[in-house]
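Fold and contact review
Given next are the chains, with one letter for each unit.
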Number of protein chains: 2
Amino acid sequence: MRQFLPATAATAAICVLALTLMAATARADEGPITLRDMGSFHVGGREVVVSGKPVTEIRRTPTGPLTKLDPNGVYQVEQTYVQYFLPANRRGAVPLLLWHGGGLTGVSFETTPDGRPGWLNYFIRQGWDTYNSDAVERGRSGFASPEVFAGQPIFLTKIDPYERFRIGGGAGTYSNDAAARKLLPGNQFPVEAYDNFTRQLVPRWLSTDQAITDAYIALVDKVCPCVIVIHSQAGLFAFKAAQARPDKIKALVVVEPAGIGDADKAAALKNIPVLAVFGDYFNVDARWATLRKTAEIYFDQIRQAGGNVRIVDLPQMGVRGNSHMLIMDKNNLEIAAIIQKWLAEQPGLYK
Amino acid sequence: MRQFLPATAATAAICVLALTLMAATARADEGPITLRDMGSFHVGGREVVVSGKPVTEIRRTPTGPLTKLDPNGVYQVEQTYVQYFLPANRRGAVPLLLWHGGGLTGVSFETTPDGRPGWLNYFIRQGWDTYNSDAVERGRSGFASPEVFAGQPIFLTKIDPYERFRIGGGAGTYSNDAAARKLLPGNQFPVEAYDNFTRQLVPRWLSTDQAITDAYIALVDKVCPCVIVIHSQAGLFAFKAAQARPDKIKALVVVEPAGIGDADKAAALKNIPVLAVFGDYFNVDARWATLRKTAEIYFDQIRQAGGNVRIVDLPQMGVRGNSHMLIMDKNNLEIAAIIQKWLAEQPGLYK
């Protein structure tokens, strides 16, 4: 092929132009994904030393020899896993980071439980360098031994998210018989795939908020300036990271944040545009009403310090039926498009 | 743009042809990756019921309300996580599945600890529909409570893989001081990134072999016929899956398998071509010599039943210095290319 190289280089230039024009007219949720690169890394964490524990012998595979297991020594703990996808047609001026909610992993943003594209593919297709992570102690970040993490992890039954994430309408709405489950009227959760959704659940500790925050700040130091898009529990981590690194976060999208930053540090966010997105059924779920009220008080504190928080109440926009898991609800890409539109309106973030 | 559609469609056809020809001449480990689609799913597992445990109240975020945590009920457990990448320029006739080793996750096949491309990107670039998974209870597969998994998980110190994976030469070669660590002569492990490698370690149980095997068989039932490429502990799971579903596995590549199948079922593999790859230093590590001997006895049983097992001894081919972690050693893509060449030689597997 070598003798044809100049010709193919010219063809390539024409093709890149033609295909770029065509890509701009394609629907954002379909067609091929072309990446400059993809990969993963772990970031953050610390070393801890464990000592004074008995050495044992274990068989690591049934046909393998007995081998020493010495639990004493140095452990690497509390790092966070990050997978990245860098689209060829880059349009975001900075990377976009996706931080998932409690009891889950970055899988939340991949394919939905009923097999539709998730927000990860959506934002890559929009031209964002996208970094999808697992919080410390979840998923591919790994977890540490009882000597390191205080307490036991909590495990979620199949009942728990159904009744607590505004899919059913609270206690007593779940049944082991899928046909007998009660659903909030008009709910957009792909309820026929609820059983499959529960395969995504992972345990979590209640003692690791600081470790998760620290590793996410290490991630911000590594890849930002950036935009951060969070769901649920990660509100806590994103607002804490924004307090710690206000100059590195160019926009913050908080989707039903279950946690907030510190009131006395709200002023740190005064130059970070914030978009907060809330789904439906807050009037029938006292817990979510409380979490939202807490967030809105914090948003007022940011505003009083000169910051800008825009609240998107989806039902007020005519977008009804969203559960807490709106990132995978049937209209998940419609909501992603609302976020994308807002991001594109922020000066200098998108071209 | 609508009026230009016929013209751009023609341009697209020419460009696809031109770019395909150019892609065929590009180096396999660089250049853009174009995907028809990418996503993830969980497969397999079962439901278990836990009862008789006390109900407690927990605060899930620092500013959230107290909420009920009822550990009684139905749990989804023992599913396996799978992420897939489907290249636009598909050349593999069947999907290629990557199954990682013990104490690790699918991250093993992504970027290497020193930031080079892993086998995942390599096989995607070769045109294989590639499925990279986390074994049950590792990574994004999630793990179950002590009521479900017998015993405690084992955690690996930073010392353990260094001394046990033929990086250092056994006990006493690791030091907390990176400069003082002893290295097997000529070792190809990216030792300057060893500390970063230990961020990939995850705990594992010693009681979950059957659950892992069952979920992998569910994966085979979902996406195969296929090729399976495994590392280390996953030898056990792949040979067990091959016994159970011999017609669905068109080739099996076992990279330093630490586990094997059942001798009395070796005949089930008689129509599955097997490639076994071994690195260096087996003469200085009694444990690995034992594991390899066990595997080679099993290979003879497959051969005696009419099967075909080819052993690649890398040092005998002049490829020296490979640790047990050869999937991320400095020459990892050279080894991937040996596997790719063998796969392409199997009738009907690659076009």
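A few points on the structure. (Residues numbered from 1 in each chain as written. Chains lettered and ligands numbered in written order. Predicted model: local features only at pLDDT ≥ 70, side-chain atom pairs only at ≥ 80, totals over all residues. Heavy atoms only, no water.)

1. Comments concerning the packing of helix H5 (residues 209-223) of chain B against helix H6 (residues 234-244) of chain B
All names here are of chain B. Where H5 meets H6, the closest approach of the two axes is 9 Å, and the angle between their N-to-C directions is 55 degrees. When the axes of H5 and H6 are compared, the pair comes out oblique. Our pair here, H5 against H6, has a crossing hand that is right-handed. Listed contacts from H6 to Asp209, Ile212, Thr213, Tyr216 and Ile217 of H5 are Leu236, Phe237, Lys240, Ala241 and Ala244. Within the contact of H5 with H6, the residues separate by chemical class into 7 nonpolar, 1 polar and 2 charged. (Axes fitted to C-alpha atoms, helices over the stretch in contact; angles between N-to-C directions. Helix = DSSP H or I, 4+ residues; strand = E, 2+ residues; numbered from the N terminus. Parallel < 35°, antiparallel > 145°, perpendicular 65-115°, else oblique. Left-handed = near helix turned anticlockwise from the far one by under 90°. Contact = heavy atoms within 4.5 Å. Nonpolar A, V, L, I, M, F, W, Y, C, P; charged D, E, K, R; others polar.)

2. Description of the interface of chain B and chain A
Each partner contributes to the interface: chain B provides 97 residues, whereas chain A provides 97 residues. Interface area lost by chain B to chain A is led by Arg60, Arg140 and Arg199 of chain B, which between them contribute 11%. At the boundary of chain B and chain A, one finds 8 salt bridges. In this structure, the connection of chain B to chain A is made through 34 residue pairs in polar contact (both at pLDDT 80 or more). Split by residue class, the side of chain B that touches chain A holds 42 nonpolar, 37 polar and 18 charged. The pairing of strand S1 (residues 33-43) of chain A with strand S1 (residues 33-43) of chain B spans 3 bridges and is antiparallel. Residue Ile33 of chain A lies in a different strand from S1 of chain B, and its bridge partner there is Leu35 of chain B. (Buried area = accessible area lost by both parts, 1.4 Å probe. Salt bridge = Lys/Arg side-chain N within 4 Å of Asp/Glu carboxyl O. Polar contact = N/O pair within 3.5 Å; in protein donor to acceptor, adjacent residues only side chain to side chain. Pairing = 2+ DSSP bridges.)

3. Some thoughts on the side chain of Thr111 of chain B
Along the chain, Thr111 of chain B turns up in the loop between strand S7 (96-99) and helix H2 (119-125). At a separation of 2.8 Å, a polar atom in the side chain of Thr111 of chain B contacts the main-chain amide nitrogen of Ser40 of chain A. Those residues in contact with Thr111 of chain B that lie beyond four places of it in its chain are Gly39, Ser40 and Tyr84 of chain A together with Arg116, Gly118 and Gln200 of chain B.

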